[in-house]
Amino acid sequence: MAGFDDLASERSKAQFDVEEMKVIWAGSRHTLEVSDRISRLVANDPVFRKDTRTMLSRKDLFKNTLRKAAHAWKRIIELRLSEEEAAELRFYVDEPAFMDLHWGMFIPTIKGQGTEEQQQKWLPLAYKMKIIGCYAQTELGHGSNVQGLETTATFDPQTDEFIIHSPTLTSSKWWPGGLGKVSTHAVVYGRLIIDSKDYGVNGFIVQLRSLDDHLPLPGITIGDIGMKFGSGAYNTMDNGVLRFDHVRIPRDQMLMRVSQVTREGKLVQSNVPWQLVYGTMVYVRQKIVSDASCALSRAVCIATRYSAVRRQFGLQSNGIETQVIDYKTQQSRLFPLLASAYAFRFVGEWLKWLYMDVNQRLQASDFSTLPEAHACTAGLKSLTTSATADGIEECRKLCGGHGYLCSSGLPELFAVYIPACTYEGDNIVLLLQVARFLIKTVSQLGSGKEPVGTTVYMGRVEQLMQCHCAVQKGFLELSADLVQAAVAHCQLIVVSKFIEKLQQDIPGKGVKGQLEALCNIYALFILHKHLGDFLSTGCITPKQASLANAQLRSLYSQVRPNAIALVDAFNYTDHYLSSVLGRYDGNVYPKLYEEAWKDPLNDSVVPDGYQEYIQPILKQQLRNARL
Ligand SMILES: CC(C)(COP(=O)(O)OP(=O)(O)OC[C@H]1O[C@@H](n2cnc3c(N)ncnc32)[C@H](O)[C@@H]1OP(=O)(O)O)[C@@H](O)C(=O)NCCC(=O)NCCSC(=O)CCCC(=O)O
Ligand SMILES: Cc1cc2nc3c(=O)[nH]c(=O)nc-3n(C[C@H](O)[C@H](O)[C@H](O)COP(=O)(O)OP(=O)(O)OC[C@H]3O[C@@H](n4cnc5c(N)ncnc54)[C@H](O)[C@@H]3O)c2cc1C
């Protein structure tokens, strides 16, 4: 069987220990064991099938999502899964749904911005799924500009309550995931008003629906905002619209770790920086970087396996055509994405450590690294999601026509993934945050502080920043250029963290050698992609540039025999990949053919509507022809 033999032959060429690489990719033997066990548990459960998603109506699709969520919860309880195992199960169910925001934003917000008492009251309810929460910050009129939010939370000293209100159409909450049809509660971000004075944006816990009949509570207007990009895709998520008409909540439902409002209506600032109100966004952004490595590796796995199975032109002496993975153009498009997947994996590991370190310091009232954590999470979220969205589309193109079929898994992966460039912060807006941080850092450099990092890459950032700062025009005037410097800074971090990973103990025959090749491919690919920066800032010479390009080509040849093994190391099940082109066994053509007949359009030989609309035309034309 062609495809199967091709992949088996590819696997025999591997020059490194794939099982050890699986541990490196997973992060530890323990994590590998958990993800392997849970991914197979999900793959073998018929309730979690994904192949019909694109054929369901929005209502049936959503009902099926609720069914899966209920089944997932039941399995978590039945099997007594740990929090880690439960998170893995939700990950491998692989369906955007309200649970993501309940566990991924509502709970972390209460943990990060609630007082001890508020955590003790609300977290047990949320952990036991007695309430379902979402994160309601964005409004119809404002998303990026958080300080522009219009929802009001006015303190009423008579009743010791806040009155939550939507004063304008544009103040309607708009986009929050899980809000439209499911959530019973929300963390609502609104303007704190005391005695007609506006104290800026804070978070408030607000109940939205009755826990008895799920109907919206008095003063609450709530619903779904409608179909989104793609057919299946993100339409399993009820992104919602929410309006308040003077809804009253008790004073103790304002999240008060950052600021407190006393019974007398006095605002008291605690000793933590007010920016902690934005803390959930830092947490989610570091998670999004790890998610980028998962999404990109998934697309690369599909495209790499298919590139080894697909043969086109180049008839060889043995009478068979050439594998497209052997074409240098295919390698120059595919292998940088393979290297990027590994690079994002490792920078995501570091970012997770940085986030935990910042949190530990916050506990000790050390806020010194919060600005860097914000800049790193914002910048790396922007860099990795943009590269991943473009990379998934490139993988679709690397698979030719069959990449455009839903059965390839790539169109839906693209449709589900691309909003990551927007949610949790528009990517350009976030790069501007990095630029602000860099300007502050460069201004401190005058005090003799030396930047650290990979020489050529560091030089590029420094030069780009010096050029821009030297021009001394306004920030806004320079923002397009400063974004360029911000990207350069984030790429420096990715390369540096990959190099640091290589300095760790890396067991397994040939494993370190493969990672070194991938690190060099990532670094040289970025250098090649941004050659103008490196040349214009004098970081490299034209001669060095051409040597770098030659080195890149030879690295592709080094990776070629290991490509299939490098994607096998992701350890993805066929269920998770959900792709005929990316099947582990390479049995592509028979399965493509089989899948086609499952389409409802093939339920009847003569399609509905033919007799009603098309046949009359043909008959009329026949009659005309006989006249
Ligand atoms: C763009 C900014 C950062 C602008 O902030 P601003 O206060 O209006 O103005 P500024 O002067 O630039 O900043 C003031 C200051 O706050 C700092 N700061 C800003 N953001 C953070 C943070 N996250 N952590 C820690 N610090 C932060 C900035 O560095 C500034 O500090 P500085 O004054 O320079 O010392 C902010 O408005 C923002 O983050 N916008 C993006 C909004 C966003 O990300 N929304 C996400 C909604 S939830 C979502 O999308 C969930 C999707 C999940 C899913 O569906 O899966
Ligand atoms: C699938 C999805 C799920 C979401 N889930 C949630 C959720 O659960 N909870 C929630 O609260 N929100 C959610 N959101 C909203 C999301 O966080 C916002 O859409 C996002 O923060 C971008 O803000 P915006 O829509 O206002 O974009 P805008 O800021 O209006 O962006 C429009 C354009 O303006 C540019 N721009 C804006 N400001 C500047 C500036 N200062 N300088 C230069 N250019 C600028 C941007 O770069 C962009 O090109 C979700 C969105 C999506 C798509």
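Residues numbered from 1 in each chain as written. Chains lettered and ligands numbered in written order. Predicted model: local features only at pLDDT ≥ 70, side-chain atom pairs only at ≥ 80, totals over all residues. Heavy atoms only, no water.

This paragraph deals with the sheet that holds strand β4 (residues 173–174). The three strands are arranged β4-β8-β7 in an open sheet whose pairing can be described as antiparallel. With one partner strand each, in any of the chains shown, β4 and β7 (220–224) form the two edges of the open sheet. Note that β7 and strand β8 (residues 240–244) share five bridges and pair antiparallel. In the sheet register, Ile220 faces β8, and the bridge partner there is Phe244. (Pairing = 2+ DSSP bridges. Helix = DSSP H or I, 4+ residues; strand = E, 2+ residues; numbered from the N terminus.)

Contact geometry of helix α8 (residues 279–309) with helix α10 (residues 370–398) gives a least axis separation of 8 Å together with a crossing angle of 20°. Considering the angle they form, α8 stands roughly parallel to α10. Judged by the sense of rotation from one axis to the other, the crossing of α8 with α10 is left-handed. Grouping the amino acids of the contact of α8 with α10 by side-chain chemistry returns 15 nonpolar, eight polar and two charged. (Axes fitted to C-alpha atoms, helices over the stretch in contact; angles between N-to-C directions. Parallel < 35°, antiparallel > 145°, perpendicular 65-115°, else oblique. Left-handed = near helix turned anticlockwise from the far one by under 90°. Nonpolar A, V, L, I, M, F, W, Y, C, P; charged D, E, K, R; others polar.)

Another aspect to go through is the site of ligand 2. As a matter of local geometry, ligand 2 sits amid 20 residues, with Tyr135, Thr138, Ser144, Gly177 and Asp426 nearest to it. Taking Ser144, its side chain carries an N or O atom lying 2.5 Å from an oxygen atom of ligand 2. Asp426 places a polar side-chain atom, nitrogen or oxygen, 2.6 Å from an oxygen atom of ligand 2. Contact with the protein chains covers 63% of the free accessible surface of ligand 2, which is 960 Å². If you tally residues by element for the shell around ligand 2, the top one is helix α12 (residues 427–445), at three residues. Within the shell around ligand 2, the residues separate by chemical class into ten nonpolar, eight polar and two charged. Domain assignment of the residues forming the shell around ligand 2 places at least three in each of domain 1 (1–31 + 279–619) and domain 2 (107–270). (Near = heavy atom within 4 Å. Polar contact = N/O pair within 3.5 Å; in protein donor to acceptor, adjacent residues only side chain to side chain. Areas by Shrake-Rupley, 256 points an atom, 1.4 Å probe, with all protein chains shown as cover. Domains from an automatic or database assignment.)

We now examine the pattern of salt bridges. Applying the stated criterion across every chain, the model contains 39 salt bridges. In this structure, Arg11 and Asp568 form a salt bridge, with 2.5 Å as the shortest nitrogen-oxygen distance. Of this pair, Arg11 sits in helix α1 (residues 2–12) while Asp568 sits in helix α18 (residues 563–568), placing them 557 residues apart in sequence. Across the pair Asp291 and Lys287 runs a salt bridge whose closest N-O atoms are separated by 3.9 Å. Note that Asp291 and Lys287 are positioned in helix α8 at a spacing of four residues, about one turn of the helix. (Salt bridge = Lys/Arg side-chain N within 4 Å of Asp/Glu carboxyl O.)

What follows deals with the UniProt feature "domain: Acyl-CoA oxidase C-alpha1" (unreviewed entry) in the protein chain. Mapped onto this numbering, the UniProt entry annotates "domain: Acyl-CoA oxidase C-alpha1" (unreviewed entry) at residues 278–439. Secondary structure within residues 278–439 divides into 72% helix and 0% strand; the distance between the first and last C-alpha atoms comes to 21 Å. (UniProt positions renumbered as here; feature names shortened; annotations may be inferred.)

Attention shifts here to the site of ligand 1. Close to ligand 1 lie 23 residues; Ser144, Tyr278, Gln433, Arg436 and Lys440 are nearest. A distance of 3.1 Å separates an oxygen atom of ligand 1 from a polar atom in the backbone of Gly425. Compared with its free state, where it exposes 1,100 Å², ligand 1 has 79% of that area covered by protein. Of all the secondary structure elements, the ones that give two or more residues to the shell around ligand 1 are α8 and α12. With four residues, α12 is the largest single contributor of residues to the shell around ligand 1. Across the shell around ligand 1, the residue classes break down as ten nonpolar, nine polar and four charged. Counting the residues that make up the shell around ligand 1, at least three belong to each of domain 1 (1–31 + 279–619) and domain 2 (107–270).

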